[in-house]
Structures are given as C-alpha cells and as structure tokens.
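Chain by chain, the residues run as shown.
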Amino acid sequence: MDEKLKQIKQTLEKYGQEQLLDEYNRLTDVKQKQDFLDSILTIDFNQVNNLYEKSKEEPAFANSKIEPIDYVDKAKLSKEQYDELNEIGTKEIKEGKLAVVTMAGGQGTRLGHTGPKGTFDLGLDSHKSIFEILTDILIKAKNDYGVDIPWYIMTSEENNKQTEKFFSDNNYFGYPKQCITFFKQGKLPMISTDGKVLVDEHHKIKEAADGHGGVFSSMLKDGVVYDMKARGIEWIFIGGVDNVLVKPVDPILIGLSVKKKVEAAGKSIVKANPQEKVGVFCRKNGKPSVIEYSEITPEMAEEKDESGELKYGESHILCNLFSIKAIEKVSKMDLSYHTAFKKAKYIDKNGQLVNPEKPNAYKFEAFLFDAFESLDNIAILRVKREEEFAPVKNAEGVDSPETARKLYRDFHGER
Ligand code: UTP
C-alpha cells in the first residue's frame, strides 16, 4: 500500500471516519482517487469530531447575563449632531479611508435561485440583478464623494467562478475593475447525524461555506487585510449581498464611530413586533453581542423601557462597520461555530446517491456578530427599515423578492 494511503487509513481509523475509505475503494479513475485522498488530507478530523460533540450540547446562552445596549436613533439626531457626524464621516470617506466588503458566499437555499444570489434578477423593469443594484450604490458614492471605494466581494468555493464571470461578462456594471477584489471564504465538511463526514454527489468530500463569521479569517488569509492597509483604509463596512437597500457608504455611521471612539458599529432597525424572528443587539456578560430569536425568552422579547420601547428591539441587519484595527484583531481569533441542520445530498455506504426530503446533515457556521464580544464597545445606529433594509431571503412571503422590490421601488421611485 502506498505511504499516503497507509497514513490516511490510520488517521481515518483513529477518528472513526473509515467510511471515506469505502468511497475511495469504489472510485475507479486514478486521478479521482488521488484527488479524493488529497481532499481527505485537508480535513482537520479532530476539529470535525469536536464540532460533532458540540452539536449535542445545549447552547451556553442560558448562563449568560443579558442586558439591553445603548443605541443612537439616526432620526432623532438634532441638526447640530447630524451635521457634526456628517462632517466627520464625509471627511473620512473623501480621504479614501473607507472600503466595502460584501459577503456573497452564502448558499441562498431559501431563495432557491440557481446561481449566486447576487445574480438574481429582482424583477424591476430594468431587470437589474442584485449585484448591479449594489454596484449602482457604489457608483453613486463615487459621484457624491469623488473617490473610488475599494469593493471586496466574498464568495465561496461553490459560487466563486460564477460570481467572477457574472461581473466580467457585465463589464463590472461600470465600476472600475481595479477597485473590485474577489476573495473566497473557508469551508468545513458536513457530517451525518452519527458524526460521519459525508461524500457529495460528485464523489468529493461534502463541504459547505463556514458562515459569514468566516469573513474575518478569510480576509487575513486571502491578503485582503494587507491590501486594505496598503491602500490606507481605516474603516470597513461589511454587509450581506441580499439587502437591496443597504447603505454601505454612510458618513453618519462613520462619524458616530469616530466620535464615540469605538472599534466597530452596527446598524439596527426596530423589530416589527416582539416575536419577529430576528437577532437583536444586546450586552452579554457586559460585552456587545447579538441574541438570536431562538435564544431570547418570550418575556425578554416583550420587555419595555420607561419610554415604552422594546428593551431588546434593535434588530441586527448585518450592516456593520469595523476599524482596520478591529479587523486585524478578530481575523486572528477563532470564532466558535454554530450548528445548522440542513438537507444535503450524499453518497451512502452502498455507493447510492441519497437526495433527502428532510434535513439530514450538520453544517457548521461562524457568525459575524460573535466577533463583537472581543471588542470593548460598539456603537449602534438605529436606522429606518424603509430606507435601509429590504432583504431577499425567501422565494415568497416575508423578505422575498416581492417585498424587497416594493421597498426598493418606494424608496427609489424606480420601477
Ligand atoms: P444567510 O444567513 O441569509 O444565508 O446569509 P444564505 O446562505 O444567504 O441563505 P440561506 O440561509 O441558505 O437561505 C446572510 C448573508 O451572509 C452571507 C450570505 O451570502 C448573505 O449575504 N453568507 C452567509 C456568506 O457570505 N457566507 C456564509 O457562509 C453564509
């Protein structure tokens, strides 16, 4: 037996993952066999087994001290306050200190569009894709502030090629090509309910993107942090691909962060109702954090302050600003992984393709907002839903193309 195979066999036996050898033995093509072995070598089986063990544990949230967090309501700033923040933020933008990161590595399973979510046609009369809508925002900023804002787009192994091709086929929608950088996020194996690493329909290890929290380590690994520093970037707006009213170039958010001397800031919108299924900003054991809707108790969700506002009403909308120092710090840290239970096609032990109708596999994702806890403080800016939040998540119903299209049209007056 060749040395590589022998070593791999020992590793698989040590970690109880011998099922991968069955797949290796079934393969007939020599190159495919070698590639399969090479991909096994990239897996940290110790990590995989730990993640599996962790998936059985209750979330530790119950033992944490949760408190409300302060926020600034953009709509309630006095003219003087607004002008001051606007002046500070505008100066930073004009001096070329802002970069934008769009996280487009997700699978978009709920939307069900074939292809990267950013390539989805929102259904406007112009038939603009989400990526074109986002590019329009940066082109407008270029006109408003006289700077080309560097734009970094995070893709995943699954959608990187298609995303890059879409931009190049469309001539980067008129944005300077040299200002757009694509980088790929990390991935982790998906495992069965009994902790076994799965094989996908292409006879490769079944892997999935490691969550939007993977953005920080990928920025470091792929040289984005280095590139930003070389360009003199001080502030980085990080947002998801699927909010067609996102406002990544916001002098008020930057001005607030400078004024409050914080390492990061997040935008919030008021929860539509106490039961809305969104994560909200809070303090967890004194540190800024986000509590998920699945973790907040019904009583806490209803609690109000003396002015009648929900105490935990500031929804996290994945619109955040980080200083370059904060990015450098968190990109070197290991964020913990959360477990999601998903439907995943796989090859079973008899070599048969299984296309499950119900979730059957664990996927592990880091969440961007877990990084907040390692920062001393963050500023929260409450903004208006109708001005800044039109998510495209589901194929129909809430947060669907239909609702996002309406919000977009109402705001821009564009059909
Ligand atoms: P979501 O949590 O909505 O996930 O991502 P998703 O993958 O887009 O959609 P579903 O849950 O499969 O339907 C929020 C944002 O974070 C990005 C997504 O592209 C989206 O912009 N994201 C998510 C990543 O970039 N990488 C990931 O691993 C996960």
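Remember, it's a predicted structure, so these values are computed and weren't measured experimentally. (Residues numbered from 1 in each chain as written. Predicted model: local features only at pLDDT ≥ 70, side-chain atom pairs only at ≥ 80, totals over all residues. Heavy atoms only, no water.)

Peer 1: I'm lost on helix 3 (residues 30-41) in this one. Help?
Peer 2: In an α-helix, one turn spans 3.6 residues; hence positions three or four apart end up facing the same way. Between the first and last C-alpha of helix 3 there are 17 Å, a value that for twelve residues agrees with the 16 Å anticipated at 1.5 Å per step. Considered for burial, the residues of helix 3 that qualify are Lys33, Phe36, Leu37 and Ile40. Down the axis, helix 3 shows its buried residues gathered within 95° of arc, on one side only. On its buried side, helix 3 packs onto helix 1 (3-14), helix 2 (19-26) and helix 4 (45-55). (Helix = DSSP H or I, 4+ residues; strand = E, 2+ residues; numbered from the N terminus. Expected span 1.5 Å × (residues − 1). Buried < 20%, exposed > 50% of the residue type's maximum accessible area, 1.4 Å probe, protein only. Arc of directions from axis to C-beta. Contact = heavy atoms within 4.5 Å.)

Peer 1: Can you help me understand the pattern of salt bridges in this one?
Peer 2: Here the idea is simple: oppositely charged side chains can pair when their charged atoms come close. The final tally for this structure, using the stated rule, is 40 salt bridges. We note a salt bridge from Arg26 to Glu23, for which the minimum N-O separation is 2.9 Å. Note that Arg26 and Glu23 are positioned in helix 2 at a spacing of three residues, about one turn of the helix. Note that Lys91 is salt-bridged to Glu95, the shortest N-O span being 3.2 Å. Among the charged side chains, a network of salt bridges with common partners joins Asp73, Lys76, Glu309, Glu314 and Arg382. (Salt bridge = Lys/Arg side-chain N within 4 Å of Asp/Glu carboxyl O.)

Peer 1: Explanation requested: the layout of surface pockets in the structure shown.
Peer 2: Any space left empty among the atoms is revealed by the rolling of a water-sized probe across them. In this model, the second largest pocket occupies a volume close to 1,400 Å³. Secondary structure elements with two or more residues in the lining of the second largest pocket: helix 3, strand 8 (207-209) and strand 14 (337-342). Broken down by element, the lining of the second largest pocket gets its largest block of residues, four residues, from helix 3. Looking at the lining of the second largest pocket residue by residue, the class counts come to ten nonpolar, 19 polar and 13 charged. (1 Å grid on protein atoms, 1.4 Å probe; cavity = no way out; pocket = protein on both sides within 12 Å on 5 of 7 lines; lining within 4 Å. Points joined across faces, edges and corners; volume = space filled by probe spheres on them. Nonpolar A, V, L, I, M, F, W, Y, C, P; charged D, E, K, R; others polar.)

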